[in-house]
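# Observations on the three-dimensional arrangement
Chain residues, written in single-letter form:
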Amino acid sequence: MIQKQINSVDDPYYILLFKLFELHYFIDMQDFTLADERIKELGQYEEFLEAELEFYYLKFRGLYLYHKSDKLGALESYKKAVILKNSFSLQDWEIAYLYYLLAFVAYEIREDVICIYYYNQASIMFEQQNNSSMIARVKNLYGMILQRLKLFDEALDVYSYALDHCYNVGNMKLLIKIHINLGKLYSNQSLSEKAIEHFKKSIDLLDETNWLIAKIEPIYLLVNEYFNINASLKCIYWLEIANKIISEQNYNTEHTIDLKILEFLLANKTNSVEFKIYLRDTAIPYFKKYNQWENIARYYNILGDYYQRQNKYKNAAHYYKMSNESLQKLILNYKSLRVYLEKPPEFKVLSGSLR
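Fair warning: this is a prediction, and the values are worked out from it, not measured in the lab.

## Points about the environment of T209
Summarising the element assignment, T209 is placed in the loop between α11 (192–207) and α12 (216–228). Considering only alpha carbons, one finds T209 and M172, 37 residues apart in sequence, at a separation of 9.1 Å. At 2.8 Å, the side chain of T209 forms a polar contact with the backbone oxygen of L206.

## Points about the pattern of salt bridges
Across all of its chains, the model carries 18 salt bridges by this definition. A salt bridge links R110 to E294; the nearest nitrogen and oxygen atoms lie 2.8 Å apart. Of this pair, R110 sits in the loop between α6 (92–108) and α7 (112–129) while E294 sits in helix α16 (residues 293–309), and the two are 184 residues apart along the sequence. For D112, the salt bridge is made with R148, and the minimal N-O distance between the two is 3.2 Å. Taken together, the positions of D112 in helix α7 and R148 in helix α8 (residues 132–148) put the pair 36 residues apart, joining distant regions of the chain. On the accessibility criterion, D112 (24% relative accessible area) is partly exposed. For R148, a relative accessible area of 26% gives the class partly exposed.

## Brief notes about α7
With 18 residues, α7 should reach 26 Å at 1.5 Å per residue; the first-to-last C-alpha distance of 26 Å fits that figure. Buried residues along α7 sit against α5 (71–83), α6 and α8. Immediately beyond the C-terminal end of α7, within one or two residues, lies N130, with a positive phi of roughly 55°.

## Quick notes on the packing of α8 against helix α9 (residues 152–169)
Contact geometry for α8 and α9: axes closest at 8 Å, N-to-C directions at 160°. Between α8 and α9, the interaxial angle falls into the category roughly antiparallel. The hand of the α8/α9 crossing is left-handed. Here α8 contributes S132, S133, I135, A136, K139, N140, Y142, G143, M144, L146 and Q147 to the contact with α9, which in turn contributes F152, E154, A155, V158, Y159, Y161, A162, H165, C166 and V169. For the contact of α8 with α9, a count of residues per class yields 13 nonpolar, six polar and two charged.

## Section: the side chain of T270
Considering the arrangement of structural elements, one finds T270 in the loop between α14 (254–266) and α15 (273–289). For T270, a relative accessible area of 15% puts it in the buried group. Non-local contacts of T270, meaning those with residues more than four positions away in its chain, are made with F264, L265, F275, Y306 and R309.

## A closer look at the nonpolar core
Core analysis: the biggest nonpolar cluster contains 100 residues, and Y100, F126 and L141 have the highest contact counts within it. Of the residues forming this core, the biggest block, 13 residues, is contributed by α6. What L141 contacts, discounting residues up to four positions off in sequence, is Y100, A103, F104, Y107 and Y119. By size, the runner-up hydrophobic cluster in this structure holds 21 residues, among which are Y290, Y307, A316 and Y319.

## Here we look at the packing of α9 against helix α10 (residues 172–188)
Direction vectors running N to C along α9 and α10 enclose 160°, while the axes themselves pass 10 Å from each other. As summarised for this structure, α9 and α10 are arranged roughly antiparallel, according to the angle between their axes. The hand of the α9/α10 crossing is left-handed. Along its contact with α9, which presents F152, A155, L156, Y159, A162, L163, C166 and Y167, the element α10 presents L174, L175, I178, H179, N181, L182, L185, Y186 and N188. When the residues that make up the contact of α9 with α10 are grouped by side-chain class, the tally is 14 nonpolar, three polar and no charged.

## Examining the packing of aromatic side chains
Following the criterion strictly, the structure yields 23 aromatic pairs and no others. With 5.2 Å between their ring centres and 70° between their planes, F264 and F275 make a pair best called edge-to-face. Of this pair, F264 sits in helix α14 while F275 sits in helix α15, placing them 11 residues apart in sequence. Like F275, F264 is buried. Arranged with centres 6.5 Å apart and planes meeting at 55°, the rings of F275 and Y306 form a pair that is tilted. Placement of the pair is F275 in helix α15 and Y306 in helix α16, with a sequence separation of 31 residues. Here the two residues F275 and Y306 agree in accessibility, since each one is buried. Through a chain of ring-to-ring contacts, three or more aromatic side chains come together here, namely F264, F275, Y278, Y300, Y306, Y307 and Y319. The cationic tip of R148 hangs over the ring face of Y107; the distance from NZ or CZ to the ring centre is 3.9 Å.

Calculation rules
- Residues numbered from 1 in each chain as written.
- Predicted model: local features only at pLDDT ≥ 70, side-chain atom pairs only at ≥ 80, totals over all residues.
- Heavy atoms only, no water.
- Helix = DSSP H or I, 4+ residues; strand = E, 2+ residues; numbered from the N terminus.
- Polar contact = N/O pair within 3.5 Å; in protein donor to acceptor, adjacent residues only side chain to side chain.
- Salt bridge = Lys/Arg side-chain N within 4 Å of Asp/Glu carboxyl O.
- Buried < 20%, exposed > 50% of the residue type's maximum accessible area, 1.4 Å probe, protein only.
- Expected span 1.5 Å × (residues − 1).
- Contact = heavy atoms within 4.5 Å.
- Axes fitted to C-alpha atoms, helices over the stretch in contact; angles between N-to-C directions.
- Parallel < 35°, antiparallel > 145°, perpendicular 65-115°, else oblique.
- Left-handed = near helix turned anticlockwise from the far one by under 90°.
- Nonpolar A, V, L, I, M, F, W, Y, C, P; charged D, E, K, R; others polar.
- Core = buried A, V, L, I, M, F, W, Y, C linked by side-chain atoms within 4.5 Å.
- Phe/Tyr/Trp six-rings, centres within 6.5 Å; stacked < 30°, edge-to-face > 60°.
- Lys NZ or Arg CZ within 6 Å of the ring centre and 35° of its normal.

Limitation: the analysis is restricted to geometry and does not speak to function.
Right, here's the structure in full:
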């Protein structure tokens, strides 16, 4: 019906606006075949877009890149969108949502100053708007920040608060994410039984949806937790489910690589040439492509361990050095942040009970 109506429109502005929001719909539905086609089409018009259309293009392009694991590209796209926020009439909730997106992706690539600044901006705006759904999202992010700081009790309080809000507004995607984060929280404290409970809960919730691809992250975390407690048969069971989804969806992200490494560990093949080649030619180049220095460092270190087990100490030393250099880049990225702030960032807890 909508497509028929848009076909009768000849104003380029409305045609492009429709295509932009259609891109957002494809991303939300995780239909990346159509999203790939739409982003390629819209990219041809990027330099000709007026401010409003360019804003939505950059915002949705950031979302697209995030889902394609190019988190650095997503951050840059969001930052460009922020520059345009005062160029046309825009509702406050849209600005606040962009701030939230910026904070979230900045958290994931450890751009902590950017994360904290935009977290604060989004929190203030959403509380002023009394937007329960977005308050829950922002609190979830706050819990992630606290968890990274190893403030586990405080993080649990925040996640519990966000979970209550989430049930109230019926946000399934966020509910799934919070259960994943609670699983990570308990895993960080070596509380495997509780971690497994939350990872399985997120998978159960995903079973009620058609978001097959989204299952890969909690399945990886579940397999990893079972591996930590030597539950090999359960690892194999869930690996088979994950591999079936990956094969059917032709899907490849950091979690598919992590799952493959777990397969090598379970099969006791970490001394094989195949393991070395996978690390060198698949895992590390993937993370290099997206400048994920923390993962690059981790896998260089694993490759160094491989060569050490082979008594090839010169090769081992080389990859340990590469691992250290990758970590230094992560630290350098933090120190050399170019953040254009209206005021210096501060990290504060907003007023109001967490319970």
